[in-house]
Amino acid sequence: MVADTKSIPAISRSNFARTWLNRLGPLLGLMLVIAVFAILIGTPERYLSLKNIRTVLAQTVIVAIGAIGMTMIIISGGIDLSVGSAIALTGVITALGINAGFSPTVALCAGILVGCFVGLMNGLAITRLRVVPFIATLGMLGVARGVAKGIAGSQTVNMPETWVNNLLLTVPRPAWLLVAPGVWIAIALAVIAAIVLRNTVFGRRVFALGSNEAAARACGIATDRLKIYIYALAGLLFGLAGVMQTSRLRQGDPTVAAGLELDIIAAVVIGGGSLKGGEGSIFGSMIGALIMAFLRNGCQQVGWPNYIQEIIIGALIVIAVAVDRWRSSRGALA
Amino acid sequence: MRKIISILTMLAAIAALGCNGSGSKTGKKKLTIAVIPKGTSHEFWKSIHAGSIKAARELSAQGEEVELIWKGPLREDDREQQIQVVEGFTSQGVDGMVLAPLDDRALARPVEEAKSARVPTVIIDSAIQSNSIISFVATDNRQGGVLAADRLGQLLGGKGKVILLRYAEGSASTMEREEGFLSEIKQKFPGIELISTDQYAGATRDTAKRSSENLLNRFGDEVQGIFTPNESSTAGMLSALQDIGKAGKVTFVGFDTSQMFIDALRARQLHGIVVQNPFNMGYLGVRTLVESLQGKTVEKRIDTGVIMITPDNLDAAETQALLHPPLDQYLK
């Protein structure tokens with residue numbers, strides 16, 4: 001008995017330490033990636049210069065904003081494969097809107113709302129039609145891409161110069177922003193989303209849904225409605241990512257971001273999200289997105305060819321998932 | 001924790017492969033030049049790669065040491081990926097870039113940002129809507145259309161009924177070829193009647209074949225000459241003609257090259273193809289950039305040349321050199 005009472009705080013302390021290691025793991029990974037490339041490149045002052053870092057940050061924004069939405073979906077035990085297509089569709093909508101003479105703000109909101117609508121459709125297909133998320137969103141991947149090409153006339157949609165084009169300039173205007181305005185938007189959204197997930201009833205229900213759907217339902221959570229909210233909310237973010245993509249390209253491109261959903265899912269998984277649901281953090285996903293961006297940038301600056309880059313990122317995803325499996329199986333034993 | 005260890009092991013393993021070779025040598029500063037194609041797998045881009053290596057070797061032999069970095073977008077034909085490559089080279093601070101932009105608008109911002117970061121860019125292959133470039137080194141597409149019109153007009157003796165099957169709406173390079181063809185026919189061969197010039201082949205061989213079939217159903221009995229302005233439209237029209245047994249009976253001039261066209265030239269089913277010179281494009285792209293870096297003034301627009309290949313000059317040394325650039329010599 002004595003041993004028992006003693007062991008309880010000990011276990012919880014080691015649990016506490018492990019939780020923090022899990023949480024800080026991705027961050028240490030990021031620092032490691034940066035350090036290794038700084039050494040490999042041989043000119044750390046250039047790799048770590050403000051110029052290079054703000055380039056990488058601007059390049060991360062689209063994946064990062066997408067990963068905020070994807071983190072919520074993955075924590076809830078779902079998945080969304082239609083992100084890349086949604087980004088193309090909302091980008092085309094934004095460009096068409098600006099072209100049609102609407103103010104950039106209106107066009108931008110239209111793009112974001114279409115993203116929300118795509119998410120809503122996903123949510124309805126999953127809950128009302130009882131189609132598993134993988135299939136429902138796989139279907140939407142095709143539908144949204146097709147609609148994007150259709151309304152764009154299978155061409156890129158060029159748009160006149162507006163402030164939308166300046167959202168992701170690597171050298172921001174005005175200069176006192178230090179990094180592109182889009183980077184600040186992504187940071188703000190990440191902070192808000194992290195607080196919502198951690199400290200609100202909605203956020204705790206998302207975790208509950210992903211951890212054990214039946215139990216969540218038994219506790220009185222309207223799981224179907226919650227799922228629709230989650231996909232629609234994530235859709236808003238995917239719409240914003242589409243706006244950012246259009247800002248970078250200065251045009252709506254219906255073929256852009258094919259396969260980007262995999263980058264976004266990878267960012268969440270590298271950041272500690274579990275595809276079984278119930279686990280994941282916004283902070284981790286942001287770090288995951290940064291790890292991939294710094295890897296790409298680093299590989300290019302070292303002068304490695306593309307195929308090495310693809311091998312590294314591919315291997316990184318598998319390792320991250322393997323660690324995820326290993327961790328969850330240990331969790332089941334304990 | 002495991003994740004970190006895994007990443008560490010992996011990076012260490014890669015580092016151990018010994019891929020990096022950035023030993024800085026003493027003496028005159030080496031010029032680092034990035035060449036960024038639209039993709040890397042097609043023969044066309046391999047020729048550009050080989051040409052740029054030739055330029056780098058020649059310049060190095062002349063005492064201007066040039067290090068070439070060849071890097072395409074991670075996903076072929078993906079604008080966002082190409083932008084990231086350009087931005088990466090900009091912040092890396094290369095001495096200059098040679099870029100074949102995937103889009104004339106989307107790549108304008110990165111090129112302008114590169115210029116303000118003192119990284120000059122030479123554009124090859126396709127135009128860009130920006131004045132922040134050193135030079136535009138590419139095929140004179142209009143001239144290619146003119147060559148085709150001359151060939152077709154001569155073979156038909158200045159009279160007959162001719163079809164132009166256009167490529168696709170909104171493709172600038174092929175539109176120039178079509179306009180060059182049309183204006184030359186109208187000016188030089190008033191006896192030739194253009195019976196169809198408003199049909200489009202579409203993006204692929206498959207769509208090209210379908211619209212060729214439709215055109216031939218309508219005009220098959222009267223048509224005497226045909227021009228198609230790119231690879232897919234030429235291939236589509238050629239196989240449509242072969243299917244109905246008309247290949248060889250209609251005078252047919254195409255654009256670009258593939259083994260199928262060479263065989264058709266030998267069988268006299270094709271009577272000429274206009275061929276660009278990607279090897280020269282890569283070569284002149286790098287040379288122009290280096291000359292500009294050396295402080296010399298360079299032309300704003302440099303033509304890399306087109307030639308007409310016919311059944312008669314197919315085996316000439318010059319033609320063979322163009323059709324089979326010495327890739328092995330440069331790409332190893």
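Here, the structure is the one placed above.
These figures come from a predicted structure and were not determined experimentally.

J.: Please clarify how the sheet that holds strand E7 (residues 192–200) of chain B should be interpreted in this entry.
T.: For sheets, the rule is that strands pair by backbone hydrogen bonds, running either parallel or antiparallel. All names here are of chain B. Overall, mixed pairing links the six strands, which are arranged E7-E6-E8-E9-E10-E12 in an open sheet. Across the chains shown, the open sheet's two edge strands, defined by having one partner strand only, are E7 and strand E12 (306–309). Averaged over all pairs of adjacent strands, the angle between strand axes in this sheet comes to 15°, irrespective of strand direction. Taken together, the three bridges between strand E9 (residues 251–255) and strand E10 (residues 272–276) define a ladder with parallel strand orientation. From the neighbouring strand, Gly-254 faces E10, where its bridge partner is Ile-273. Sheet contacts for helix H8 (residues 231–243): strand E6 (160–166), strand E8 (225–227) and E9; angle to E9, the most-contacted strand, approximately 150°.

J.: Is there a simple way to think about unusual backbone geometry in this case?
T.: Outside of glycine, negative phi angles account for most residues, and trans bonds account for most peptide bonds. All names here are of chain A. In the Ramachandran plot, Leu-178 falls in the positive-phi region, its phi being about 70° despite a non-glycine side chain. Note on placement: Leu-178 falls in the loop between strand E1 (157–158) and helix H7 (181–199). In this structure, Ala-257 is a non-glycine residue whose phi angle is positive, near 65°. Within the fold, Ala-257 resides in the loop between strand E2 (251–252) and helix H11 (260–270). Residue Ala-257 is classed as buried on the basis of its 31 C-beta neighbours within 10 Å.

J.: Looking at this structure, how should I read the environment of Ala-293 of chain A?
T.: All names here are of chain A. Along the chain, Ala-293 falls in helix H12 (residues 282–302). Since 24 C-beta atoms lie within 10 Å of it, Ala-293 is described here as buried. Distance in space between the C-alpha atoms of Ala-293 and Leu-57 is 8.0 Å, their sequence separation being 236 residues.

J.: What should I look at first to understand the interface of chain B and chain A in this one?
T.: By a widely used convention, the size of an interface equals the accessible area lost when the partners come together. Listed per partner, the contact involves 36 residues of chain B and 45 residues of chain A. Mapped onto the side of chain B that touches chain A, the elements with two or more residues apiece are helix H1 (2–16), helix H3 (79–92) and helix H4 (108–116) of chain B. Top element by residues in the side of chain B that touches chain A is H1 of chain B. It accounts for 10 residues. Of the residues contributing to the side of chain B that touches chain A, the split by class is 15 nonpolar, 10 polar and 11 charged.

J.: Help me out: how do you make sense of the sheet that holds strand E2 (residues 66–70) of chain B in this one?
T.: Residues and elements named next belong to chain B. With respect to topology, six strands assemble into an open sheet ordered E2-E1-E3-E4-E5-E11, the strand pairing being parallel. The strands lining the two open edges of the sheet, one partner per strand, are E2 and strand E11 (301–303). Pairwise comparison of adjacent strand axes, ignoring direction, gives a mean angle of 20° for this sheet. Two elements, strand E4 (residues 121–124) and strand E5 (residues 135–138), share three bridges in a ladder whose sense is parallel.

What counts and how
- Residues numbered from 1 in each chain as written.
- Chains lettered and ligands numbered in written order.
- Predicted model: local features only at pLDDT ≥ 70, side-chain atom pairs only at ≥ 80, totals over all residues.
- Pairing = 2+ DSSP bridges.
- Helix = DSSP H or I, 4+ residues; strand = E, 2+ residues; numbered from the N terminus.
- Axes fitted to C-alpha atoms, helices over the stretch in contact; angles between N-to-C directions.
- Contact = placed C-beta atoms within 7 Å.
- Buried ≥ 20, exposed ≤ 12 C-beta atoms within 10 Å, placed from the backbone.
- Nonpolar A, V, L, I, M, F, W, Y, C, P; charged D, E, K, R; others polar.

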